[in-house]
Amino acid sequence: MLPTLATRRSMELVRTPLREQGQLRKRGLLWLLGIVGGWLVAILVLESQDADRRLLAWFWDGKEWFLAKDFPWTWLYTYGTIPGLLLTIFAFVAWYACLQRPEWHRWRGYWLVIGLSIVLAAGVVVNGLLKEYSGRPRPRQIVEFNGPWPYKPVLAAGIPGRGQSFPCGHCTMGFVFVTGMVFWRPFRKLALAMLGFGLGYGTLISAGRIVQGGHFLSDTFSSLGVLLCTMVVLYHFVLPPPLLENRPVKLSRRFGMQVGGGLLLVIAVMIALFLTRRPFYESHQREITIPEVVESLLIQSNLAQEHIQLDYANQGEVRIFLEARGFAVPDSRHHLEIRKTRTANRLTLEFQVRTEGVFSELGQTLLLTIPVAFRNKTRLLDREGIE
């Protein structure tokens, strides 16, 4: 018995979304293979040429990252993630507005994919998983740039907690505007504008993190790869916006209030996390004149010895430079106290570092430049007073 015309039409309505879903998943799989494959090839090429360290050497003068404190790099480090945060909030607000207005229903899936891509990529995958467990020291933490740890290639196994360089969190928030690619089908001009801005702004923040010695080149474009993979998975496999465009939305008043309340809670949490992860930088510079009768130096600090560097130069005083970098809540403070004690012909210098507030990923380096006459007359004790 042949199916009637009405039955055939009903079967076509069922097959069409299933067929489109299958096509979306195939394209999504190709996108994932292309992104991961391209990333892997780029990493192998960089490692074969030692490009990560060679590029960073251009911005290192042997003692410091000489562009680290210049504009616009310091501004981007402090405020560069704000546009990404605003886009995230706008995406979720736009998604909720699309649920409320029937004429905007078709756009809800696109904004939801943008918001979730940023939260999952930047908040969960990059900062929650990869940075914590990859164990890759930052450039300023490796021995080539006066750090305590050896360089770790991207594909080598690391020690979790020993460095949080891979991938770059700032760069992820800089690249987030590329998620506007989800509008490629319905609104191509918007998609191209967001893609161009995202690539440009993300590249600018990446340059800043490199010249400051905060990240390797491979860290920066890896953050873009994580973001793109997250977006592709959501768009093609989890919440495909093209399939949601014509699907009706049944939103009761009570459910709408619950969704709105949940959205406000999410935004509040995002703002709280943003405020508690503000970039922190502080430096202290001092000089101590050594009396002529002093014949030896004894140095002690509450910092671990791997964070203390001794250098010698033709000068008559001890030059002190303490640098602290990391993340902290607003109004956090970093202090350096120096105690001098002279016993007979020996001068004891005790450096006490003190913090106020809540910090995370706080890296501290104490550089002491000592007169060359004391090269073999200087002792460095650890926090327990043991040499």
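Above this text is the structure in question.
On a predicted model such as this, the values are computed, not experimentally measured, just so you know. (Residues numbered from 1 in each chain as written. Predicted model: local features only at pLDDT ≥ 70, side-chain atom pairs only at ≥ 80, totals over all residues. Heavy atoms only, no water.)

**Student:** Help me out: how do you make sense of the overall build of the protein in this one?
**Tutor:** A count of helical and extended segments in the protein gives ten helices and eight strands. Residues counted as buried form 45% of the 387 residues belonging to the protein. Of the contacts formed within the protein by residues at least 6 apart in sequence, a portion of 81% connects residues at least 24 apart. Accessible area of the protein: about 20,200 Å², with a carbon and sulfur share of 61%. (Helix = DSSP H or I, 4+ residues; strand = E, 2+ residues; numbered from the N terminus. Buried < 20%, exposed > 50% of the residue type's maximum accessible area, 1.4 Å probe, protein only. Contact = heavy atoms within 4.5 Å. Areas by Shrake-Rupley, 256 points an atom, 1.4 Å probe, with all protein chains shown as cover.)

**Student:** Quick question: what am I supposed to make of the packing of helix H4 (residues 82–100) against helix H5 (residues 108–133) here?
**Tutor:** When two helices pack together, their arrangement is given by the angle between the helix axes and by the axis-to-axis distance. Taken N-terminus to C-terminus, the directions of H4 and H5 make an angle of 150°; their axes are 8 Å apart at the nearest point. By the angle class used here, H4 and H5 are roughly antiparallel. At the point where H4 passes H5, the crossing takes the left-handed sense. Counted together, Leu87, Thr88, Phe90, Ala91, Phe92, Ala94, Trp95, Cys98 and Leu99 of H4 and Arg108, Trp111, Leu112, Ile114, Gly115, Leu116, Ile118 and Val119 of H5 form the full contact between these two elements. Here the residues of the contact of H4 with H5 are counted per class, giving 14 nonpolar, two polar and one charged. (Axes fitted to C-alpha atoms, helices over the stretch in contact; angles between N-to-C directions. Parallel < 35°, antiparallel > 145°, perpendicular 65-115°, else oblique. Left-handed = near helix turned anticlockwise from the far one by under 90°. Nonpolar A, V, L, I, M, F, W, Y, C, P; charged D, E, K, R; others polar.)

**Student:** Help me out: how do you make sense of the environment of Trp104 in this one?
**Tutor:** Locating Trp104 in the fold gives a position in the loop between H4 and H5. In this structure the C-alpha to C-alpha distance between Trp104 and Glu245, which are 141 residues apart in sequence, comes to 9.4 Å. Beyond its immediate stretch of four places on either side in the chain, Trp104 contacts Ala97 and Cys98.

**Student:** Would you mind going over the nonpolar core with me for this structure?
**Tutor:** One finds Trp65, Trp111, Ile114, Val176, Val182 and Phe183 to be the most contacted residues of the largest nonpolar core, which totals 55 residues. Of all the elements in the fold, those that place two or more residues in this core are helix H1 (5–48), helix H3 (73–79), H4, H5, helix H6 (169–175), helix H7 (188–211) and helix H8 (217–238). Phe351, Leu366, Ile370 and Phe374 belong to the second largest nonpolar core, which has 21 residues in total. (Core = buried A, V, L, I, M, F, W, Y, C linked by side-chain atoms within 4.5 Å.)

**Student:** Looking at this structure, I do not really get the packing of aromatic side chains. What am I missing?
**Tutor:** For any two aromatic rings, the description comes down to two numbers: the centre-to-centre distance and the angle of the planes. All told, the structure shown has twelve aromatic pairs when counted by the stated rule. Relative to Phe183, the ring of Tyr110 has its centre 5.5 Å away and its plane inclined at 25°; by these criteria the two rings are stacked. A residue pair is termed long-range when its members are at least 10 positions apart, and Tyr110 in helix H5 and Phe183 in the loop between H6 and H7 qualify at 73 residues. Here Phe183 falls in the buried class, since its relative accessible area comes to 1%. Both rings, one in Trp111 and one in Phe183, keep their centres 5.1 Å apart while their planes meet at 65°; by these two values the pair is edge-to-face. Of the two residues, Trp111 sits in helix H5 while Phe183 sits in the loop between H6 and H7, which places them 72 residues apart along the sequence. With relative accessibility at 14%, the residue Trp111 sits in the buried group. Taking NZ or CZ as reference, Arg101 lies 4.7 Å from the ring centre of Trp104, over its face. Above the ring of Trp107, the side-chain terminus of Arg106 is found at 4.6 Å from the ring centroid. (Phe/Tyr/Trp six-rings, centres within 6.5 Å; stacked < 30°, edge-to-face > 60°. Lys NZ or Arg CZ within 6 Å of the ring centre and 35° of its normal.)

**Student:** What should I look at first to understand the side chain of Ser332 in this one?
**Tutor:** For Ser332, the position within the fold is in the loop between strand E4 (317–328) and strand E5 (333–343). What Ser332 contacts, discounting residues up to four positions off in sequence, is Phe280, Glu356, Gly357, Val358 and Phe359.

**Student:** Help me understand the layout of surface pockets, please; the structure alone is not making it clear to me.
**Tutor:** Take a probe with the size of a water molecule and roll it over the atoms, and the empty space left behind shows itself. Approximately 930 Å³ is the volume found for the largest pocket. Lining the largest pocket are 38 residues, with Arg140, Gln309, Phe321, Glu323 and Thr365 positioned closest to its centre. Sorting the residues of the lining of the largest pocket by element identifies strand E1 (278–289), strand E3 (308–313), E4 and strand E7 (359–371) as the ones contributing at least two each. No other element matches the seven residues that E7 contributes to the lining of the largest pocket. Among the residues making up the lining of the largest pocket, the classes are represented as 14 nonpolar, 14 polar and ten charged. (1 Å grid on protein atoms, 1.4 Å probe; cavity = no way out; pocket = protein on both sides within 12 Å on 5 of 7 lines; lining within 4 Å. Points joined across faces, edges and corners; volume = space filled by probe spheres on them.)

**Student:** I'm lost on the pairing of strand E2 (residues 296–301) in this one. Help?
**Tutor:** For a regular strand, side chains alternate in direction, first toward one face of the sheet and then toward the other. Bridge count between E2 and strand E6 (residues 346–356): six bridges; the pairing is parallel. By the bridge assignment for E6, Gln300 is matched with Glu350. As defined by bridge partners, E2 adjoins strand E8 (residues 378–381) across four bridges and the pair is classed as parallel. Looking at the pairing, Leu297 lines up with Thr378 of E8. (Pairing = 2+ DSSP bridges.)

**Student:** It is not clear to me how a nonpolar patch on the surface should be interpreted in this structure. Could you clarify?
**Tutor:** A contiguous nonpolar surface patch, about 540 Å² in accessible area, is contributed by Leu29, Leu30, Leu33, Val233, Phe237 and Val238. For the nonpolar patch, the secondary structure elements donating two or more residues are H1 and H8. By the secondary structure assignment, Val233 is in helix H8. Given the relative accessible area of 33%, Val233 is considered partly exposed. (Patch = residues over 30% accessible without salt bridge, like charges linked within 9 Å, V, L, I, M, F, W, Y side chains within 5 Å. Salt bridge = Lys/Arg side-chain N within 4 Å of Asp/Glu carboxyl O.)

**Student:** Please explain the sheet that holds E5 as it appears in this structure.
**Tutor:** Two modes of strand pairing occur in sheets, parallel and antiparallel, and in both the strands are linked by backbone hydrogen bonds. The mixed open sheet is built from four strands, whose spatial order is E5-E6-E2-E8. Of all the strands in the sheet, just E5 and E8 have a single pairing partner and so form its edges. Shown here is a sheet whose adjacent strand axes are inclined to one another by a mean of 15°, direction ignored.

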